[in-house]
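# What the coordinates show
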Amino acid sequence: MNLTLKIWRQKNANDKGGMVDYPVTDISPDMSFLEMLDVLNEQLVYKGEEPVAFDHDCREGICGMCSLYINGEAHGPDRGITTCQLHMRMFKDGDTIVIEPFRATAFPVIKDLVVDRSSFDRIQHAGGFISVNTSGNTIDANAIPVNKHDADEAFEAATCIGCGACVASCKNSSAMLFVGAKVSQFALLPQGQVEATDRVLNMVKQMDEEGFGNCTNTGACEVECPKGISLENIARMNREYLAASLKG
Amino acid sequence: MSGILNSTIGRKFAMALSALFLMIFLLQHFAINILSVFSEEAFNETSHFMGTFWAVQYLLQPVLIFGVIFHFVMGFVLEIKNNRARKISYVKNNGAANSTWMSRNMIWSGLAILAFIVLHFIDFWAPEINIKYFKGDMSGLLDPDNVDSGFRYYEELVHKFENPIRVGAYVIAFVFLSLHLLHGFSSAFQSIGANNKYTKGLKGFAKVYAIGLPAGFIFIALFHHFNQ
């Protein structure tokens with residue numbers, strides 16, 4: 001396959017940046033999207049040019065590190081995948097592919113296609129955890145009865161890998177699906193009840209302070225989420241938040 | 001509880017509550033308007049009751065005006081924050097791949113409805129307030145000095161729909177209302193935290209409401225226009 005790539009290049013966080021065209025040739029349809037970018041970077045290094053900076057780590061859809069807004073969609077034109085799981089067979093020979101970083105005020109660009117998603121970490125620090133007493137009388141988690149339905153829903157919420165595709169896809173750059181998943185995974189389990197009120201209040205407060213937008217329920221996040229996190233998690237967080245606001 | 005309206009979720013909750021209130025009001029407004037198609041007398045009697053009963057005039061009317069203003073002001077506040085949340089736009093964005101046009105353009109359908117409400121207030125509400133509270137005529141009669149002249153409400157309604165430009169604007173406004181409701185109805189329930197086994201059925205009902213109710217208003221306008 002021969003392709004034309006239109007890639008966002010930005011030297012650093014303060015650079016204005018802009019789109020640059022790169023032709024790539026002899027791309028195998030069986031390559032992953034990131035392997036295709038590796039080929040481009042090898043060509044750029046060979047020519048003495050600066051390679052394109054992009055995030056990646058596990059390359060098997062678990063770490064949530066690879067981002068990229070490809071042809072107008074987070075993680076490209078496939079469903080239930082991260083960019084490392086996107087294959088070149090999804091494109092046609094001769095295509096022009098537009099590659100941009102995730103865009104959100106709370107995800108500032110560091111360089112080229114790499115964005116700083118530490119705002120998610122700060123939201124997690126604000127309450128995305130449970131405190132377990134290890135004084136010697138700790139109850140084994142498996143000894144606490146949990147309703148099967150709740151356990152399944154908590155597990156599904158916990159599969160969120162924090163990649164930020166929800167924010168990137170949302171027209172409002174809202175982080176509600178991410179925060180909704182992180183609140184839900186604890187709200188559904190007995191271990192999460194002790195800190196439930198503070199958790200949702202603090203995580204939403206931090207989310208707002210980071211500058212994410214308001215959810216307008218377009219559902220784009222749910223469609224583009226590589227892990228299929230459902231909008232039900234946002235509704236659950238809304239309920240948790242309103243109940244917590246009345247209490248505290 | 002303090003500061004709940006400063007949070008994104010609190011604001012969305014308030015937005016949803018005002019939307020649910022306005023959707024109930026729309027249903028009530030339609031129920032009275034449709035009477036004009038079936039019975040001049042029933043429409044006149046109901047309009048006179050709504051226009052003169054103290055609880056409607058001094059309790060419900062101010063609440064309604066507050067609800068309308070709150071919904072629009074909060075809509076603008078949320079839109080401004082949302083625009084700030086992405087200062088640099090995508091070069092290429094395929095919004096249609098993951099969301100409906102209606103959900104992405106609530107601000108534009110809302111602005112079209114706001115423009116209609118402003119016109120509706122100038123066209124209907126302001127003259128009504130003028131007759132009742134400035135001229136002091138609470139009789140509702142065509143000729144306040146003649147008790148046999150009959151109520152003026154039906155005559156005024158029919159007269160309004162003589163003008164094809166007004167009818168055209170009315171039809172366009174209700175198409176935008178339909179687009180707004182097609183997303184807004186079920187979205188309001190999601191915002192108040194109601195997403196459960198009933199959501200699928202609710203979305204079906206939302207479509208019936210969002211298409212049926214504006215279509216009903218359009219029918220009334222066209223009925224009177226062509227029935228002159």
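An unreviewed UniProt entry annotates chain B as Succinate dehydrogenase cytochrome b subunit originating from Winogradskyella bathintestinalis.

Labelled according to an unreviewed UniProt entry, chain A appears under the name Succinate dehydrogenase/fumarate reductase iron-sulfur subunit, originating from Winogradskyella bathintestinalis. Taken verbatim from the UniProt record of chain A, the Sequence similarities (unreviewed entry) comment is "Belongs to the succinate dehydrogenase/fumarate reductase iron-sulfur protein family."

## Comments concerning the overall build of chain A
For chain A, the count of helices and strands is eight helices and seven strands. Taken over the C-alpha atoms alone, chain A extends approximately 60 × 35 × 35 Å along its principal axes. With 248 residues in all, chain A has 48% of them scored as buried. When contacts within chain A are restricted to residue pairs at least 6 apart in sequence, long-range pairs at least 24 apart make up 70% of them.

## Examining the sheet that holds strand S2 (residues 18-24) of chain A
Residue and element names in this part refer to chain A. Taking strand neighbours across the sheet as the criterion, the five strands line up as S2-S1-S5-S3-S4 in an open arrangement whose pairing is mixed. Edge strands, defined here as strands with exactly one partner in the open sheet, are S2 and strand S4 (73-74). Where strand S1 (residues 3-9) lies against strand S5 (residues 96-100), four bridges are found, and the strand directions are parallel. When the sheet's bridge partners are listed, Leu5 is paired in S5 with Ile97.

## Some points on the UniProt feature "transmembrane region" (unreviewed entry) in chain B
Using the residue numbers shown here, the UniProt feature "transmembrane region" (unreviewed entry) corresponds to residues 55-78, 106-126, 167-185 and 206-226 of chain B. As annotated, residues 206-226 of chain B comprises 100% helix and 0% strand, and the C-alpha atoms at either end are separated by 30 Å.

## A closer look at unusual backbone geometry
Phi is positive for Arg59 of chain A, close to 60 degrees, though the residue is something other than glycine. Mapped onto the secondary structure, Arg59 of chain A falls in the loop between helix H1 (33-46) and strand S3 (69-70).

## Thoughts on the packing of helix H5 (residues 176-187) of chain A against helix H8 (residues 232-247) of chain A
Residue and element names in this part refer to chain A. Remark: H5 packs on H8, axes separated minimally by 8 Å, with the N-to-C direction vectors making an angle of 70 degrees. Taken together, the axes of H5 and H8 are roughly perpendicular relative to one another. For the crossing formed where H5 meets H8, the hand is left-handed. From H5, Met176, Leu177, Val179, Gly180, Ala181, Val183, Ser184 and Ala187 reach across to H8, where they touch Asn233, Ile234, Arg236, Met237 and Glu240. Here the residues of the contact of H5 with H8 sort into eight nonpolar, three polar and two charged.

## A short note on the nonpolar core
In terms of nonpolar packing, the biggest core is built from 95 residues, with Cys166, Val167, Leu177, Phe178 and Val179 of chain A touching the most fellow members. The element that contributes the greatest number of residues to this core is helix H7 (residues 164-191) of chain B, accounting for 11 residues. When sequence neighbours within four positions are dropped, the list of residues in contact with Val167 of chain A reads Phe102, Ala104, Phe107, Ser173, Ser174, Ala175, Phe178 and Phe212 of chain A.

## Focus: the environment of Val183 of chain A
All names here are of chain A. Tracing the chain through its elements places Val183 in helix H5. In sequence terms Val183 and Arg236 are 53 residues apart; their C-alpha atoms lie 8.4 Å from each other. Not counting residues up to four positions away in its chain, the partners in contact with Val183 are Arg199, Val200, Met203, Met237 and Glu240.

About the criteria used
- Residues numbered from 1 in each chain as written.
- Chains lettered and ligands numbered in written order.
- Predicted model: local features only at pLDDT ≥ 70, side-chain atom pairs only at ≥ 80, totals over all residues.
- UniProt positions renumbered as here; feature names shortened; annotations may be inferred.
- Helix = DSSP H or I, 4+ residues; strand = E, 2+ residues; numbered from the N terminus.
- Buried ≥ 20, exposed ≤ 12 C-beta atoms within 10 Å, placed from the backbone.
- Contact = placed C-beta atoms within 7 Å.
- Pairing = 2+ DSSP bridges.
- Axes fitted to C-alpha atoms, helices over the stretch in contact; angles between N-to-C directions.
- Parallel < 35°, antiparallel > 145°, perpendicular 65-115°, else oblique.
- Left-handed = near helix turned anticlockwise from the far one by under 90°.
- Nonpolar A, V, L, I, M, F, W, Y, C, P; charged D, E, K, R; others polar.
- Core = buried A, V, L, I, M, F, W, Y, C linked by C-beta atoms within 7 Å.

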